[in-house]
Amino acid sequence: MQRYGNPCKRTSLLLFLLLPAVLLLTACGKESFWPPEVQQVPDESPVLSPEEALESFYLPPGYDIELVASEPLVVDPVAMDFDADGRLWVVEMRSYMPTVDAEGEKEPVGKIAVLEDTTGDGQMDKRTVYMDELVLPRAVKVLEHGVLVGAPPNLWFTRDTTGNLKADVAEKIREDFGDPTVNPESNPNSLMWGMDNWIHTTRYEGRFRLTNNQLEYDETPSLGQWGISMDDYGRIYRNSNSNPLFVDYISPHYYMRNEDVRRQRGIYEAINKNRAVWPVRPTTGINRGYREHMLRDDSTLARYTSASALAVYRGDRLPDELRSNVFVPEPAGNLVQRLVVEKQEDGSLFGYNPYEDLETDFLTSTDERFRPVNMYSSPDGTLYIVDMYRGIIQHGQFLTNYLETEIKKRGLEKPVGLGRIYRVVHESGEPSDPPRLSSKSPEELVDYLDHPNGWWRNTVQRLLVERQADDVAVELRELVQSAEEDYTRLHALWTLDGLNAIDDQSLQSALSDPSPHLRAAAIRIAEPRFAGPDPTYTKTVMELVDDPTHIVRRQLAASAGEFPADSRDEAFLDIINRYGTDPMVVSLVISGLPDREFAFLEQLLDEASGREGTRLAAQEIAEVVLHSGSDADTQRLLDWIADSGKSDWQRESLLAALEEGAPESSPERVRLLELDQKPTVLLASANSDSEDRQIAERISEVIDRLGWPGKPRTEPESEPLTPDEKKRFERGKDLYSTSCATCHQQNGQGIEGMGVPLVDSKWVLGQASHLIRILLDGKEGDMRMPPAGHHSDEELAAIATYLRRAWGHEESPVTPSAVKEVRGASTGRDEPWTEEELNEHRH
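What you see is a predicted model, and the numbers here were worked out from it, not measured in a lab.

K.L.:
Account for the overall build of the chain, naming residues and giving values.
P.N.:
Of the regular secondary structure elements, the chain holds 28 helices and 28 strands. With the C-alpha coordinates aligned to their principal axes, the bounding extent of the chain is approximately 90 × 75 × 60 Å. The 843 residues of the chain split such that 58% are buried. Here the contacts in the chain between residues at least 6 apart in sequence split such that 65% fall between residues at least 24 apart. Carbon and sulfur atoms make up 47% of the accessible area of the chain, which amounts to about 34500 Å² in all. Here the chain carries 90 positive and 145 negative side-chain charges, and the mean point of each set is 3 Å from the other.

Given below as structure tokens:
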């Protein structure tokens, strides 16, 4: 096996002729050829055997890549899980894109396979099909007494009751785990047992928890696109195809308390926007290779276009410098990028490629069919890579004509039915022996909570919680107070919580722990105690309001929303006065104020000073009131702005909120913030001679963007929909929900890195022909809109009508005949529209 590929093929003939002695001495030495240069490869991309594929990789000096499994033992793998004994449970999406037309993709040929190494040589040699006849399965999670399997639209809880590793019982847990009629890229996936004992997902509005051997569901925001991972302190990482790394600084469930929160800060926060990648081969076979800046002059992919399921490395058999680094596969670039994650002064995380100056990535391959789609930090202390190994990786619904031509030119359509799993190792340490945790007693398992490999700690915590092994509570309490490593203390604390065995001494110890991660976790775990008549814990956690770390202060802001109503506002006022300049804190406070935003705003304005943080918080809370508060609250807010007797900072904060909340008009449409009555006091203030002229001018400008009964309009009000148009609207609503909402959300606000906001979009509210063209052929941009021209004229008219009348929009509906006309005029177009092209079309 070549550690860095075949370095001899990188030796120039000129160098050979001029420096034979040097070449003789180096003898094609491997380490001298890293970082690699871009390799020139044939136009065709032949299938390589697993042994040949191993020769195609480049890694930094000291690293190696080993084969764990390959076809026919594993076929089209997309995800996997390790059980407590180290066996691999692999999700095989066998019907994915068998042709460029996706013909046969809905065939029930997907499988969950269990792979075992029976000889101890590190390679899998035994395969057992646990479950089959699945359509495009997405996720698997092995538990103590069953296996969760996600295959849209169902989430199954399966069991093997005979011991033959075959599912003979399958209970349907959910029927909303995706939609089999939409693009597979848009469906839920991933099932990860988190530090908090919840099973977390990606692209799904929910999480799960085992309670009395039943799977409990709890609604959460839908985050991410494909894959999920967690660091040593329970922070969860996801990504989208164009942006490689997002993190949850706080548990997302807090934002379900208040649907009116406008900015859900602290969850799914970008660590890295679209950044450079460095393939080692030309990568013209990407979906938007025709687009400027997607490819460099040497034809290599310039930036992420298909970032896949990432992994936080938490093992113990690779160099320490890799610990807590995040590894992101980019299958279109045939590479894996390493991101070093570091904390910044404001408490946020930043990630960077340590090889950026060398213009290379951690692992690259000259094999175009190398398609890393998932990665895992493993029980043997290394990194595992799931390689779907195929030519076509882009789904047909988003496939451009450009890429289809590239696929056919280089023969990438066939064969299918291959797949590999690799591990990355290092010369400094051999992979550890497989775990044998399933047979360990609870007393034996506790000893592994200080294991240096995070997978072991996670698995031990899960097993103890699943078994409800409260007989080891004493040992766990000792670890909370005396374990050397903070991650051991953290696991012990959350294990106690999962066992319902948290005692006051352990909680008090954690609240005063030197590690902020313990203090933050203890605040969250203490929440059930807040509801009782004894105020001890609300007072105790509020003693941490002066904590020097962002993680504790933000958790306190979130958890204070669980305080009893009579003490909640006082806590929020204290927190805002101190940390109102932290946007995450403000959003979390608002999450704890459902239907009480204006009442709290009044207290804040009356009792707080005019410091920067207070002003910023007041403005954001006022925006929520204007967006979703009652008519009476809105009127009182406007009166406050108009009252010259109020403090300038108060009026300016509220006025800034009004300026932000009142919509801007455009040449296509005059838009107004509608009020239920004439703002008499505000109008008088704008015209008052005694009013500060700067404030008066701002009020006058914003009044032009307000509407109220009787105010003259510069454009006619929209006509109500006819019965046929109402039917079309409802049909469009259904189609939007199944085909569009996964990227743009049901509320039309979009998802960062996946879909732009549609609410108030000029492309939705402007010329109907612009919207029709975008729906037919797609649109270029930072987030490309794929074409939906496969829908009928009636269906596209329904979607367009829904978009133009949903979320407060009042634009004219769209008819099938209008779609037909634009479709005819666009016949032969095979590329998405650009903004410049759309602006050239006036009809």
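Next comes the rest of the description.
K.L.:
So, the nonpolar core: which residues are in play, and what are the values?
P.N.:
In this structure, Leu88, Ile421, Ile575 and Leu658 are the most contacted members of the largest nonpolar core, which totals 155 residues. Setting aside residues no more than four positions away along its own chain, Ile575 makes contact with Met542, Val545, Leu556, Ala557, Ala560, Gly580, Val585 and Val589.

K.L.:
An account of unusual backbone geometry is needed here, citing residue identities and associated values.
P.N.:
Between Glu71 and Pro72 the backbone carries a cis peptide bond, its omega angle lying at 10 degrees. Looking at the secondary structure, you find Pro72 in the loop between strand S2 (63-70) and strand S3 (77-82). Residue Pro415 is bonded to the preceding Lys414 through a cis peptide linkage, with omega at 0 degrees. Secondary-structure assignment places Pro415 in the loop between helix H4 (401-409) and strand S26 (420-426). Positive phi outside glycine occurs at Asp76, with the angle close to 45 degrees. On the secondary structure map, Asp76 appears in the loop between S2 and S3. Here the phi dihedral of Ser190 falls at roughly 70 degrees; this positive angle occurs in a residue that is not glycine. Within the secondary structure, Ser190 is located in strand S11 (residues 189-193). With relative accessibility at 13%, the residue Ser190 sits in the buried group.

K.L.:
Which residues make up empty space enclosed by the protein, and what values do they have?
P.N.:
Counted under the stated rule, the structure contains four cavities of 30 Å³ or more. When its volume is computed, the largest cavity comes out at roughly 570 Å³. Secondary structure elements with two or more residues in the lining of the largest cavity: S3, strand S7 (139-143), S11, strand S15 (229-230), strand S19 (311-312), strand S24 (372-377) and helix H6 (454-467). Of the volumes computed, that of the second largest cavity is approximately 80 Å³. Around the second largest cavity, the lining residues are His200, Thr201, Tyr204, Gly206, Arg207, Thr220, Pro221, Leu223, Arg238, Ser251, Pro252 and His253. Of the residues contributing to the lining of the second largest cavity, the split by class is four nonpolar, six polar and two charged.

K.L.:
Can you tell me about a negative patch on the surface, naming the residues and giving the values?
P.N.:
Judged by side-chain charge, Glu443, Glu444, Asp447, Asp450, Asp470, Asp471, Glu475, Glu478, Glu484 and Glu485 come together as a negatively charged surface patch. Among the elements of the structure, helix H5 (442-446) and helix H7 (473-482) are those that each provide at least two residues to the negative patch. Residue position: Asp470 is located in the loop between H6 and H7.

K.L.:
Outline the packing of aromatic side chains, listing residues and values.
P.N.:
Under the defined criterion, the tally for this structure stands at 25 aromatic pairs. On the numbers, 6.4 Å between centres and 20 degrees between planes, the contact of Phe350 with Tyr352 is stacked. Members of the aromatic cluster, connected to one another through ring pairs, are Trp34, Tyr63, Phe327, Tyr355 and Phe362. Over the aromatic face of Trp278 sits the side chain of Arg296, whose NZ or CZ is 3.7 Å from the ring centroid. When the ring centre of Trp640 is taken as origin, the NZ or CZ atom of Lys646, which lies over that ring, is 4.2 Å away.

K.L.:
Hey, could you go over helix H19 (residues 648-661) for me, with residue numbers and the actual values?
P.N.:
If you check H19, its first and last C-alpha atoms are 20 Å apart, about what 14 residues at 1.5 Å a residue would give, namely 20 Å. Within the sequence span of H19, burial applies to Trp649, Gln650, Arg651, Ser653, Leu654, Leu655, Ala656, Ala657 and Leu658.

K.L.:
Help me get a handle on the state of the cysteines, residues and values and all.
P.N.:
Within the structure shown, the criterion is met by zero disulfides. The thiol of Cys740 is unpaired, and the distance to the nearest cysteine sulfur, on Cys743, comes to 8.8 Å. Exposure remark for Cys740: the relative accessible area of 14% places this residue in the buried category.

K.L.:
Summarise the sheet that holds strand S25 (residues 383-387); cite the residues concerned and give the values.
P.N.:
The strand order S2-S26-S25-S24 describes an open sheet built from four strands, whose pairing is antiparallel. The strands lining the two open edges of the sheet, one partner per strand, are S2 and S24. Adjacent strand axes in the sheet meet at a mean angle of 25 degrees, parallel and antiparallel pairs treated alike.

K.L.:
So what's going on with the pattern of salt bridges? Residues and values would help.
P.N.:
Scanning the entire structure with this criterion turns up 49 salt bridges. Several salt bridges converge on common partners, so that one network encompasses Arg281, Glu368, Glu406, Lys409 and Arg410.

K.L.:
Run through the sheet that holds S15, naming residues and quoting values.
P.N.:
With antiparallel pairing, four strands are arranged side by side in an open sheet as S15-S16-S17-S18. The strands lining the two open edges of the sheet, one partner per strand, are S15 and strand S18 (269-272). For S15 and strand S16 (residues 236-238), the ladder comprises two bridges, and the chain directions are antiparallel. Its bridge partner being in S16, Met230 is matched across the sheet by Ile236.

K.L.:
Please provide a residue-by-residue account of helix H13 (residues 550-559), values included.
P.N.:
Residues three or four positions apart in an α-helix share a direction because the helix packs 3.6 residues into each turn. Judged by how many residues are buried, H13 sits mostly within the fold: nine of ten residues are covered. Here H13 has its buried residues at His550, Val552, Arg553, Arg554, Gln555, Leu556, Ala557, Ala558 and Ser559. Those residues of H13 that are buried lie in contact with helix H10 (516-525), helix H11 (527-530), helix H12 (536-542), helix H14 (565-579) and helix H15 (583-591).

K.L.:
Account for the packing of H15 against helix H17 (residues 612-628), with residues named and values stated.
P.N.:
At a minimum axis separation of 10 Å, H15 and H17 run at an interaxial angle of 40 degrees. The angle between the axes of H15 and H17 places the two elements in the oblique class. Handedness of the H15/H17 crossing: right-handed. The residues of H17 that touch H15, namely those facing Val586, Ser587 and Ile590, are Ala617, Glu620, Ile621 and Val624. When the residues that make up the contact of H15 with H17 are grouped by side-chain class, the tally is five nonpolar, one polar and one charged.

K.L.:
Describe the environment of Asn747, and please don't skip the residues or the numbers.
P.N.:
Considering the arrangement of structural elements, one finds Asn747 in the loop between helix H23 (741-744) and helix H24 (762-765). Looking at Asn747, the relative accessible area reads 38%, which means it is partly exposed. For the pair Asn747 and Leu758, spaced eleven residues apart in sequence, the C-alpha to C-alpha distance is 8.8 Å. What Asn747 contacts, discounting residues up to four positions off in sequence, is Val759 and Trp807. In terms of polar contacts, Asn747 uses its side chain to reach the backbone amide nitrogen of Gln749, at 3.0 Å.

About the criteria used
- Residues numbered from 1 in each chain as written.
- Predicted model: local features only at pLDDT ≥ 70, side-chain atom pairs only at ≥ 80, totals over all residues.
- Heavy atoms only, no water.
- Helix = DSSP H or I, 4+ residues; strand = E, 2+ residues; numbered from the N terminus.
- Buried < 20%, exposed > 50% of the residue type's maximum accessible area, 1.4 Å probe, protein only.
- Contact = heavy atoms within 4.5 Å.
- Areas by Shrake-Rupley, 256 points an atom, 1.4 Å probe, with all protein chains shown as cover.
- Lys, Arg positive; Asp, Glu negative; His and termini not counted.
- Charge placed at Lys NZ, Arg CZ, Asp CG, Glu CD.
- Core = buried A, V, L, I, M, F, W, Y, C linked by side-chain atoms within 4.5 Å.
- 1 Å grid on protein atoms, 1.4 Å probe; cavity = no way out; pocket = protein on both sides within 12 Å on 5 of 7 lines; lining within 4 Å.
- Points joined across faces, edges and corners; volume = space filled by probe spheres on them.
- Nonpolar A, V, L, I, M, F, W, Y, C, P; charged D, E, K, R; others polar.
- Patch = residues over 30% accessible without salt bridge, like charges linked within 9 Å, V, L, I, M, F, W, Y side chains within 5 Å.
- Salt bridge = Lys/Arg side-chain N within 4 Å of Asp/Glu carboxyl O.
- Phe/Tyr/Trp six-rings, centres within 6.5 Å; stacked < 30°, edge-to-face > 60°.
- Lys NZ or Arg CZ within 6 Å of the ring centre and 35° of its normal.
- Expected span 1.5 Å × (residues − 1).
- Disulfide = S-S within 2.5 Å.
- Pairing = 2+ DSSP bridges.
- Axes fitted to C-alpha atoms, helices over the stretch in contact; angles between N-to-C directions.
- Parallel < 35°, antiparallel > 145°, perpendicular 65-115°, else oblique.
- Left-handed = near helix turned anticlockwise from the far one by under 90°.
- Polar contact = N/O pair within 3.5 Å; in protein donor to acceptor, adjacent residues only side chain to side chain.

Purely geometric stuff here, so don't read any function into it on its own.
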